[in-house]
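# Structural features, examined
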Amino acid sequence: MLEPLKVRVAKDAGFCFGVRDAIDKARETARQHGKVYMLGDIVHNERVVAQLQQENVMVVNSLSEVKDAPVLFRAHGTVPELWKEAAQKGLDVVDATCPLVHEIHTEIKKLQADGRKLFIIGDHGHDEVIGIQSQVPEATVISTIEEARAIPRLKQAGVVSQSTQMIENVEKIISILAMKVFDLRFVNTVCYPTRRNQGQIKELAPISDIMIIVGSFTSANTKRLLEVSLSINANSFMVESAEDIDSSWFDEAKSVGVSAGASSPDDLIEEVVEHLKNLHVQARA
Ligand code: SF4
């Protein structure tokens, strides 16, 4: 006999408030001014970017392409040079930087004012990390425990983290630095929507046969949520849409847990959940 798969969805799966607010600002500005420019994609999700393009939210690669409409600076922060360039060009800037990213900028500047050697736990080359690094004259990015082990002994250091880091990775790196730095100050700047998402996955993963994480393969945040899920449940899969779901994953399954990266829109998550609800599995004897 067949019965429906039991589907549990993480309560706060999907857009964090920082991304939601940035998208709302982009839409609102485009409505008011006929269009708005954005330096790079607003979120790492192709579907969202394509939808916004239809609403005249235009992606550009440099400020020289901005003409006759405001430019929106994205949620994960913008380097001071671009702010300066925009001011010199007299551009109308809509600041969609997430307040929690602003907080990281403030914290790293305070640590610098303290005269500490600075570290950022984060992904090399990620825009948010580049934005944090650009707030101070010098800060070293550490992304792995191997990199933390290579840091020499120091008298004083200050550490912040990228907002979307995996909590366990941050803890491991901090415990290594604590052995090397005499006076270590760590400000935990993993943002609360990230902590909440990771926490909800940790609750769902042990009680679900399969875990599905919805998000774009280009989203570092989604990949990290998959890592969290995989650390608890080996049957964890990342999908960009319902089309990526392979029904054979559910041959032995009775239940599935669903979460999504901070850049995954609600309609995409709903589509995946609907698809899963329509999958039927063998009833338990
Ligand atoms: S992930 Fe956190 S810091 Fe980044 S935009 Fe979302 S709420 Fe803000």
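Residues numbered from 1 in each chain as written. Predicted model: local features only at pLDDT ≥ 70, side-chain atom pairs only at ≥ 80, totals over all residues.

## Focus on the overall build of the chain
Defined as follows: Only runs of H or I of at least four residues qualify as helices and only runs of E of at least two qualify as strands under DSSP, and these elements are numbered from the N terminus. Computation of the radius of gyration draws on C-alpha atoms alone. For the globule rule, the value is 2.2 Å times the number of residues to the power 0.38. Placing a C-beta atom from the backbone of each residue, one calls two residues in contact when those atoms lie within 7 Å.
Scanning the chain for helices and strands turns up ten helices and 14 strands. By the compact-globule yardstick of 19 Å for 285 residues, the chain fits well, its C-alpha radius of gyration being 21 Å. A sequence separation of at least 24 residues applies to 75% of the contacts in the chain between residues at least 6 apart.

## Notes on the packing of helix α8 (residues 192-204) against helix α9 (residues 220-230)
A packed helix pair is summarised by two numbers, namely the angle formed by the two axes and the spacing between the axes. This is how the line gets drawn: Helix axes use the C-alpha atoms of the stretch in contact, all axes being lines fitted to C-alpha atoms, and the angles between their N-to-C directions lie in the range 0 to 180 degrees. Between 65 and 115 degrees an angle is taken as roughly perpendicular, under 35 as roughly parallel, over 145 as roughly antiparallel, and anywhere else as oblique. Crossings are assigned a handedness: left-handed for a near helix turned anticlockwise from the far helix by less than a right angle, right-handed for a clockwise turn. Side-chain classes are defined by residue name, with Ala, Val, Leu, Ile, Met, Phe, Trp, Tyr, Cys and Pro counting as nonpolar, Asp, Glu, Lys and Arg as charged, and the others, Gly among them, as polar.
At a minimum axis distance of 9 Å, the contact between α8 and α9 shows a crossing angle of 30°. Of the possible angle classes, the one that applies to α8 and α9 is roughly parallel. Taken as a pair, α8 and α9 cross one another with a handedness that is right-handed. Residue-level inspection shows Asn 197, Gln 198, Ile 201 and Lys 202 of α8 in contact with α9, the latter providing Leu 225, Val 228 and Ser 229. For the contact of α8 with α9, the residue count by class is three nonpolar, three polar and one charged.

## Concerning the domain arrangement of the chain
The test is simple: Note that the domain bounds were set by an automatic or database domain assignment.
Examined at the domain level, the chain breaks down into domain 1 (2-14 + 195-282), domain 2 (17-98) and domain 3 (100-190). Computed from C-alpha coordinates alone, the two centres of domain 2 and domain 3 are separated by 28 Å. Looking at the side of domain 2 that touches domain 3 residue by residue, the class counts come to four nonpolar, five polar and no charged.

## Concerning the sheet that holds strand β9 (residues 154-161)
Within a sheet, neighbouring strands are paired by backbone hydrogen bonds and run either parallel or antiparallel to one another. Cut-off, in case you're wondering: Strand pairing follows a simple DSSP-based rule, namely that at least 2 bridges must link the two strands.
An order of β8-β7-β9-β10 is seen for the four strands of this open sheet, with the pairing classed as parallel. Edge strands, defined here as strands with exactly one partner in the open sheet, are β8 (140-142) and β10 (181-186). Each adjacent strand pair in this sheet contributes to an overall mean axis angle of 30°, direction not counted. Summarising the sheet, β9 and β10 pair through five bridges and their orientation is parallel. Pairing of Gln 156 across the sheet is with Asp 183, part of β10.

## Brief notes about the site of the ligand
Formally: Nearness is defined per residue: the C-beta atom, placed using the backbone, must lie within 6 Å of the molecule or strand.
Cys 16, Gly 18, Cys 98, Ser 163 and Cys 191 are the nearest of the 15 residues found near the ligand. Of all the elements in the fold, those that place two or more residues in the shell around the ligand are α1 (17-33), α4 (99-113) and α8. Residue contributions to the shell around the ligand peak at three residues, all from α1. Classifying every residue of the shell around the ligand by side-chain character gives ten nonpolar, five polar and no charged. Mapping the shell around the ligand onto the domain boundaries places at least three of its residues in each of domain 2 (17-98) and domain 3 (100-190).

## Focus on the nonpolar core
Note the cut-off: Residues enter a nonpolar core if they are buried, belong to Ala, Val, Leu, Ile, Met, Phe, Trp, Tyr or Cys, and are joined to the set through C-beta atoms within 7 Å. Three exposure classes are used. Buried residues have 20 or more other C-beta atoms within 10 Å of their own C-beta, exposed residues have 12 or fewer, and partly exposed residues fall in between, all C-beta atoms being placed from the backbone.
In terms of nonpolar packing, the biggest core is built from 47 residues, with Val 19, Ala 26, Met 38, Ile 42, Leu 72 and Phe 119 touching the most fellow members. In terms of nonpolar packing, the next biggest core, distinct from the first, is built from 25 residues, Ala 13, Met 211, Leu 225 and Leu 268 among them.

## Focus: unusual backbone geometry
One non-glycine residue with positive phi stands out, namely Asn 56, at about 65°. Checked against the element boundaries, Asn 56 lands in the loop between α2 (46-54) and β4 (57-60). Take Asn 56: there are 17 C-beta atoms within 10 Å of it, and that puts it in the partly exposed class. Backbone geometry places Asp 68, a non-glycine residue, at a positive phi of 60°. As for its position among the elements, Asp 68 is in the loop between β4 and β5 (71-73). On the basis of neighbour count, Asp 68 is assigned to the exposed category, with 9 C-beta atoms found within 10 Å.

## Remarks on the pairing of β9
Going by this rule: Call a crossover right-handed when, viewed with both strands pointing away from you, the route from the first strand across the helix to the second goes clockwise.
Pairing geometry for strand β7 (residues 117-121) and β9, over five bridges, is parallel. Bridge assignment links Leu 118 to a residue of β9, and that residue is Gly 158. Read from β9 through helix α7 (residues 167-180) to β10, the crossover connection turns out right-handed.

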